[in-house]
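Analysis of the macromolecular model
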Amino acid sequence: MNIKKENFLELKKIEKQIKECSKCRLHQFRKNAVPGNGVYNTKIMLVGEAPGRNEDIEGLPFVGQAGKLLEQMLNNIGISRNDIFITNVVKCRPPENRDPLDDEIQTCKPYLFRQIELVNPKLIILVGKYSISTILNINIKISHIKGRTFVKDGRYIFCTYHPAFILRNYSSYIEEYTYHFEKIKKIINEFF
Ligand code: URA
């Protein structure tokens, strides 16, 4: 798979725009904006919620405890985080790690939508309710949608829990989380 040069260049441009963005209040609190990390030339994207404290310091997504679990889950099914593109719905850390507000999501989501168009993945893994509601444009409890696969714009969209939730409820949910990642592996093996 080879990404078109113009797509690559536009993705780089978007990265710069995100780093300089001041469209919503969140820019006032950030140390670093977090455009995303990994490779643009990939069939798999993973979308989280918003950067936390460690992500804000490093300018990279999922580098804290939740990120470590995510990386482990990916590794278990033979995927390295360096082989996919990882980003968030909101690119700057909400203060005190509060949930992103609707106006912040609405302001930031054009960056995500364009990143998806340009990377053009076959599979998008959505972790947590904010990425699910933003990408699928639905308001639904995660308990009703976790583990399900949708097809949208010709892409597989897989919905699962946020890794921070699993860390908080490890013994009750790790088995189901493992099963979700096995389902992801099946999608890749069957359809890629
Ligand atoms: N949680 C997220 O949703 N994204 C990150 O990048 C880190 C923690």
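Predicted model, so just to flag it, every value in this text is computed and none were measured. Residue indices follow the written sequence of each chain, beginning from 1 at its first position. The model is predicted, so local features are restricted to residues of pLDDT at least 70 and side-chain atom pairs to those at 80 or more, both for listing and for counting; the totals for chains, interfaces and linings are taken over all residues. The basis for every side-chain value is the complete set of heavy atoms in the structure, and neither hydrogens nor water enter the calculation.

**As for the pairing of strand 3 (residues 85-88)**
Residues Phe85 and Thr87 line one face of strand 3 and the alternating positions Ile86 and Asn88 line the opposite face, and both faces are buried. Two strands qualify as a pair provided DSSP detects at least 2 bridges between them. In this text, helices come from DSSP runs of H or I with a minimum length of four residues, and strands from runs of E with a minimum of two, each type numbered from the N-terminal end. Two elements, strand 1 (residues 37-38) and strand 3, share two bridges in a ladder whose sense is antiparallel. In the sheet register, asparagine 37 faces strand 3, and the bridge partner there is isoleucine 86. Examined bridge by bridge, strand 2 (residues 44-48) and strand 3 share four bridges and lie parallel to one another. Bridge assignment links glycine 48 to a residue of strand 3, and that residue is asparagine 88. Only protein chains enter the area calculation, which uses a 1.4 Å probe; residues under 20% of their type maximum are buried, those over 50% are exposed, and those in between are partly exposed.

**Section: the side chain of threonine 134**
Locating threonine 134 in the fold gives a position in helix 5 (residues 129-136). Note on definitions: a residue-residue contact is assigned when non-hydrogen atoms from the two residues lie within 4.5 Å. Residue contacts for threonine 134: discarding those within four places in its chain leaves Val89, Ile105, Lys109 and Phe113.

**Observations regarding the site of the ligand**
What makes a residue near a molecule or strand is one non-hydrogen atom of that residue sitting within 4 Å of it. Near the ligand, the surroundings consist of Gly48, Glu49, Ala50, Glu55, Pro61, Phe62, Asn88 and His162. Any N or O atom pair separated by 3.5 Å or less is treated as a polar contact, with the protein-specific requirement of one donor-capable and one acceptor-capable atom, and with residues adjacent in sequence counted only for side-chain atom pairs. Contact distances for the ligand include 2.7 Å between an oxygen atom and a backbone N or O atom of glutamate 49. Histidine 162 is positioned with one of its side-chain polar atoms (N or O) 2.7 Å from an oxygen atom of the ligand. Note that accessible areas follow from Shrake-Rupley with a 1.4 Å probe, and for residues the cover is restricted to the protein chains shown. Relative to its unbound accessible surface of 240 Å², the ligand loses 91% to contact with the protein. Lys, Arg, Asp and Glu make up the charged group, whereas Ala, Val, Leu, Ile, Met, Phe, Trp, Tyr, Cys and Pro make up the nonpolar group; the residues left over, Gly among them, are polar. Residue composition of the shell around the ligand, grouped by class: three nonpolar, three polar and two charged.

**Side note on helix 1 (residues 5-20)**
Across its 16 residues, helix 1 extends 23 Å between first and last C-alpha, which sits within 8% of the 22 Å expected from 1.5 Å per residue. Buried within helix 1 are the following residues: Asn7, Leu11, Ile14, Glu15 and Ile18. When helix 1 is viewed along its axis, its buried side chains cluster within an angular range of 105° and face the same direction. Projecting away from the buried face of helix 1 at angles above 90 degrees are the exposed residues Lys5, Glu6, Lys13, Lys16 and Glu20. Multiplying 1.5 Å by the helix residue count minus one yields the expected span of that helix. Read the arc as the range of directions from the helix axis to the C-beta atoms.

Geometry only, nothing functional implied.
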